[in-house]
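Breakdown of the fold
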Amino acid sequence: MPGPCKWHDGLERLFLDAVEGLSVQLGTNVTVRMTDAAGYYTLARSPLGPEACKRVSVALEERHCWNRLLDIDCFSADGRAITRQSLGVPERRCLVCDNPHAACIQAKRHPIEQVTHAAIRLIEAYGRVAEKKHIKYLSIENIRGMD
Ligand SMILES: [Zn+2]
């Protein structure tokens, strides 16, 4: 979550759902999930190689607009960070303007309030979709369909 405030309604749900999705895709079974002043984070070990982990992680970060709030770092067993650049995949995009994230940060292109607002819009968009999925799952049509 960008900005000084790392908490917002719906962010925990998005985080927990993303961790679950990542765990399935990476085959992780050792997970530490914590919160601190930087917000929610988790540590996981995967049987996949570090480059494969990074490719899966990038795919997850790019899959839905709200997943752009995720920042998944992948390291080799000797601590080497696997970067998007090293895999030849596009850089992370800015939450506000879709330009490369790092360029906007370096140029201080957007006030932090604008970046935080963009993040909150994504959290709320996820919340609406997650709510619909839940309602659909519990709907009478689906219960009848289980007969
Ligand atoms: Zn930007």
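Placed above this text is the structure.
Below is a summary of the structure that appears in this document.

What counts as what
Residues numbered from 1 in each chain as written. Predicted model: local features only at pLDDT ≥ 70, side-chain atom pairs only at ≥ 80, totals over all residues. Helix = DSSP H or I, 4+ residues; strand = E, 2+ residues; numbered from the N terminus. Buried ≥ 20, exposed ≤ 12 C-beta atoms within 10 Å, placed from the backbone. Contact = placed C-beta atoms within 7 Å. Expected span 1.5 Å × (residues − 1). Arc of directions from axis to C-beta. Core = buried A, V, L, I, M, F, W, Y, C linked by C-beta atoms within 7 Å.

For the rest of this paragraph, the subject is the overall build of the protein. Along the backbone of the protein there are six helices and four strands. In the protein, buried positions account for 14% of the 147 residues. Contacts in the protein between residues at least 24 apart in sequence constitute 49% of all its contacts with a sequence separation of at least 6.

Attention now moves to unusual backbone geometry. Look at Asp98: it is not a glycine, yet its phi comes out positive at around 75°. Assignment of secondary structure puts Asp98 in the loop between helix 3 (84-87) and helix 4 (101-107). Take Asp98: there are 10 C-beta atoms within 10 Å of it, and that puts it in the exposed class. Located in the positive-phi region is Lys108, a residue other than glycine, with phi close to 50°.

Spanning 14 residues, helix 2 (residues 50-63) covers 20 Å between terminal C-alpha atoms, matching the ideal 20 Å at 1.5 Å per step. Among the residues making up helix 2, those that are buried are Cys53, Lys54 and Ser57. Seen end-on, helix 2 carries its buried residues on one side only, within an arc spanning 95°. At its buried positions, helix 2 is contacted by helix 1 (11-26), strand 3 (74-75), strand 4 (81-82) and helix 3.

Now for the environment of Val89. On the secondary structure map, Val89 appears in the loop between helix 3 and helix 4. On a C-alpha basis, the gap between Val89 and Val58 in space is 8.3 Å, while along the polypeptide they are 31 residues apart. Apart from residues lying up to four places away in sequence, Val89 is in contact with Val58 and Arg84.

We now examine the nonpolar core. Grouped together as the largest cluster of nonpolar side chains are 17 residues, with contacts concentrated most on Leu14, Ala18, Leu69 and Ala119. Those residues in contact with Ala18 that lie beyond four places of it in its chain are Asn67 and Leu70.

Turning our attention to helix 1. Its 16 residues place the ends of helix 1 22 Å apart at the C-alpha level, agreeing with the 22 Å of an ideal helix rising 1.5 Å per residue. Taken together, the buried positions of helix 1 are occupied by Leu11, Leu14, Phe15, Ala18, Leu22 and Leu26. Looking straight down helix 1, one finds its buried side chains confined to an arc of 95°; they lie on one side. Looking at helix 1, the residues exposed on the side facing more than 90 degrees away from the buried face are Glu20 and Val24. At the exit of helix 1 stands Gly27, carrying a positive phi of roughly 65°.

This paragraph deals with the environment of Thr42. Locating Thr42 in the fold gives a position in strand 2 (residues 39-45). Judged by the 17 C-beta atoms lying within 10 Å of it, Thr42 falls in the partly exposed class. The sequence separation of Thr42 and Ile72 amounts to 30 residues, and the corresponding C-alpha distance is 9.4 Å. Residues contacting Thr42, with those up to four places away along its chain left out, are Val19, Thr31, Val32 and Arg33.

Moving on, we get to the environment of Cys5. Relative to the assigned elements, Cys5 resides in the segment before helix 1. A C-alpha to C-alpha distance of 8.5 Å links Cys5 and Gly39, two positions 34 residues apart in sequence.

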